[in-house]
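# Secondary and tertiary structure notes
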Protein chains: 2
Amino acid sequence: MDDFKPTARTRIKRLAKRAHYDRETVYRILDQGLVAHVGYAIAGQPYVTPTNYWREGERLVWHGSSASKMLRSMKQPVPVCVTVSLFDGLVLARSGFHSSVNYRSVMCFGEAAEVTDPAGKLAALEAFVERITPGRWAELRPVTKQELKATCVIAMTIDDVACKVRTGGPIDDEEDYALDVWAGVVPLRMVAEKAQPDARLKPGVPLPSYLRHVDLESYASRAKAAE
Amino acid sequence: MDDFKPTARTRIKRLAKRAHYDRETVYRILDQGLVAHVGYAIAGQPYVTPTNYWREGERLVWHGSSASKMLRSMKQPVPVCVTVSLFDGLVLARSGFHSSVNYRSVMCFGEAAEVTDPAGKLAALEAFVERITPGRWAELRPVTKQELKATCVIAMTIDDVACKVRTGGPIDDEEDYALDVWAGVVPLRMVAEKAQPDARLKPGVPLPSYLRHVDLESYASRAKAAE
């Protein structure tokens, strides 16, 4: 599939070597992230709402209560910027100026609109559950009509993206390498800890296989394998 | 200090029990987060930019290159929404509908503007370095005039906030507790791994004390102690 094309709103001018427009890099970040920050404006006022999301092909999808302000505002197509950022490390240079962070981020631009047909909504919710906990959808009781009605699903086709990635150690001014200052990287990582059963868990229900080893970094490779 | 007052843009109507407006809860989240998502609009187009930030009293502060589009757009005061979200766990209920996530989030509203006086900029940068790596500012060579000129510092006074916190296990429909479905919480946490020295680290420079045990959750308590 073609790369995304840089546009007026996504062309990265500063530190252009950090810019990426190829779908593999962009989708890998989107498939690993769990939280997106959705930016939109209501009467000129910007709002940024954190939400879980998932990717289906060229679309991003998220959901919530039909009553939420963000989702209500999106029942007509509205321009949004959906940003996913993964924060990989602190980069300590020999000067404050060259200190930085390692990160992978994607700003996705497009128009968000509600998914209204019930079958489409249900398929989207299944994809969301299966993405995070593969095999769980079949274990759950069916979604009721009322629940489906109370749930709002929003989708946006990704029109263009600004994707930036920084990796590696600090890059210092040549003369600063002689300084007696520690320099390097402190890697940061989101980890899943041991699953905690609910106090009212029915006796005898075992820990499902999808929770035996939750590796948040495997989401991206799993999504790739499914394509 | 007074609590924040709910306003038209920050009053939380849905799941109001998750809403918090007291400064201690709000500031604790802001002081623990490392990345904020800054939302603003340029000619009606929303943008959401991830950035490191820090809190100084009632202000949020962030910085970047004087050349960046986001920061350039903020040389006049502009309305922004700065959102910090901490993602604490997956909440697996006995139904998809009641499954959720544990999180702490703050949407901060206000007007962002550049900090122009050099002494104020320098003090802000020191506060940023000291927040993450206490004791490091004194180890670094002084910031040059040119570096200070190339750095843009933005500050916003927090006018109002919408803060939401979800904690604890799933809350299921009463009849679903009889189902043979695993339910509980998968805690998620951002952790710092072992610091990796730069390949060109000067021999004999020891690992500084501020890197011996990086506990990302201690940032909030450290900020509280400094007040």
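Everything discussed here concerns the structure shown above.
Cut-offs used in this document
Residues numbered from 1 in each chain as written. Chains lettered and ligands numbered in written order. Predicted model: local features only at pLDDT ≥ 70, side-chain atom pairs only at ≥ 80, totals over all residues. Heavy atoms only, no water. Least-squares fit on C-alpha atoms with pLDDT ≥ 70 in both. Contact = heavy atoms within 4.5 Å. Phe/Tyr/Trp six-rings, centres within 6.5 Å; stacked < 30°, edge-to-face > 60°. Helix = DSSP H or I, 4+ residues; strand = E, 2+ residues; numbered from the N terminus. Buried < 20%, exposed > 50% of the residue type's maximum accessible area, 1.4 Å probe, protein only. Lys NZ or Arg CZ within 6 Å of the ring centre and 35° of its normal. Pairing = 2+ DSSP bridges. Buried area = accessible area lost by both parts, 1.4 Å probe. Salt bridge = Lys/Arg side-chain N within 4 Å of Asp/Glu carboxyl O. Polar contact = N/O pair within 3.5 Å; in protein donor to acceptor, adjacent residues only side chain to side chain. Nonpolar A, V, L, I, M, F, W, Y, C, P; charged D, E, K, R; others polar.

So, on to the relation of the copies chain B and chain A. One copy of the chain maps onto the second through a rotation around an axis plus a translation along that axis. With an axial shift of 0.0 Å and an RMSD of 0.0 Å, the rotation relating chain B to chain A amounts to 180°. In short, the pair behaves as if placed about a two-fold rotation axis. Taking C-alpha positions as the reference, the residue of chain B nearest the rotation axis is B:Met190, at 2.1 Å. By residue overlap, the copies meet face to face through one surface: 100% of the interface positions of chain B are interface positions in chain A.

Aromatic ring pairs are described here by two measures, namely the spacing of the ring centres and the angle between the planes. All chains considered together, the criterion is met by 8 aromatic pairs over all chains. Ring geometry for B:Tyr40 versus B:Tyr47: centroids 5.6 Å apart, planes at 10°, classification stacked. Ring centres 4.5 Å apart and planes at 10° place the aromatic pair B:Trp54 and B:Phe128 in the stacked group. Within this pair, whereas B:Trp54 is found in strand β3 (residues 45-56), its partner B:Phe128 is found in helix α3 (residues 118-132), the two being separated by 74 residues in sequence. Each member of the pair B:Trp54 and B:Phe128 is classed as buried. Following the ring pairs from residue to residue traces out a cluster consisting of A:Tyr40, A:Tyr47 and B:Phe109. Across from the ring centre of A:Tyr53, 5.4 Å away, lies the NZ or CZ of A:Arg131, which sits over that ring. In this structure, B:Arg23 packs its charged tip against the face of B:Phe4, placed 4.0 Å from the ring centre.

With that out of the way, let us pick up the pairing of strand β5 (residues 59-65) of chain A. Look at any regular strand and the pattern is simple: side chains alternate between the two faces of the sheet. All names here are of chain A. As paired strands, strand β4 (residues 54-56) and β5 are joined by 3 bridges and run antiparallel to one another. Bridged to Trp54 within β5 is Val61. The hairpin turn running from β4 into β5, its antiparallel successor, is 2 residues long, and Gly57 in that turn takes a positive phi close to 60°. In this sheet, strand β8 (residues 151-157) lies alongside β5 in antiparallel orientation, the contact comprising 7 bridges. Considered in β8, the bridge of Trp62 is made with Ile154.

The next subject is the interface of chain B and chain A. Facing the 84 residues of chain B at the interface are 84 residues of chain A. Counting each side, the surface lost to burial between chain B and chain A is near 7,300 Å², with a carbon and sulfur contribution of 61%. Counting across the interface, chain B meets chain A through 12 salt bridges. Ionic pairing is found between B:Asp198 and A:Arg94, a salt bridge with its closest N-O pair at 2.8 Å. Seen at the junction of chain B and chain A, the total is 34 residue pairs in polar contact (both at pLDDT 80 or more). When residues of the side of chain B that touches chain A are assigned to their parent elements, the largest contribution, 9 residues, is made by strand β9 (residues 184-192) of chain B. Considered class by class, the residues forming the side of chain B that touches chain A number 49 nonpolar, 17 polar and 18 charged. Where strand β11 (residues 196-197) of chain A and β9(B) come together, 2 bridges link them in antiparallel fashion. Its bridge partner lying in β9(B), A:Pro197 is registered against B:Gly184.

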